[in-house]
Amino acid sequence: MAVLLPDRDLTAYVLPHPWARDAHGTPVPPPPGTPPTPSGTWPGAAVEQIDGSWTLRVDPRAWPLRAGDVLGDGTRTWTVTTALLKKVPGYGAADYIAVVATLNPPETP
């Protein structure tokens, strides 16, 4: 396994989590088109995969990230498909968030 070192700063734009609940306790998502708000900027890295998806590594201080959140580096933005917090026992400096995302807008061949 190769180590992916930070090569850019990534700003996280997150949707409200958890969603508000209605009178019956059902989660209510934000209205379509609601822009996510920036939650901070942290070191990260991004690599395009053969299938056109992107693998990003983000500092764990950006946690929680969820599907639909957006990451940006100032020139590109990606929409998070999946995010998983990876912890290395005994080596907190090696912790990271593994993200699979799509480029906005997607590249066309």
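Heads up: the structure comes first, above all this text.
To keep things clear, this report deals only with the structure shown in the data block.

## Some words on the pattern of salt bridges
Going through the model one piece at a time under the given rule, you end up with three salt bridges. Arg-8 serves as the salt-bridge partner of Asp-7, at 2.9 Å between the closest nitrogen and oxygen. On the basis of relative accessibility, which here comes to 22%, the residue Arg-8 falls in the partly exposed class. Measuring nitrogen to oxygen at the nearest pair gives 2.7 Å for the salt bridge that ties Arg-8 to Asp-73.

## Considerations on the environment of Leu-103
One can find Leu-103 in strand 8 (residues 96-104). On the accessibility criterion, Leu-103 (8% relative accessible area) is buried. When neighbours within four sequence positions are excluded, Leu-103 is seen to be in contact with Trp-54, Arg-76, Thr-77 and Trp-78.

Conventions and cut-offs
Residues numbered from 1 in each chain as written. Predicted model: local features only at pLDDT ≥ 70, side-chain atom pairs only at ≥ 80, totals over all residues. Heavy atoms only, no water. Salt bridge = Lys/Arg side-chain N within 4 Å of Asp/Glu carboxyl O. Buried < 20%, exposed > 50% of the residue type's maximum accessible area, 1.4 Å probe, protein only. Helix = DSSP H or I, 4+ residues; strand = E, 2+ residues; numbered from the N terminus. Contact = heavy atoms within 4.5 Å.

Keep in mind that these numbers describe shape and distance, not what the molecule does.
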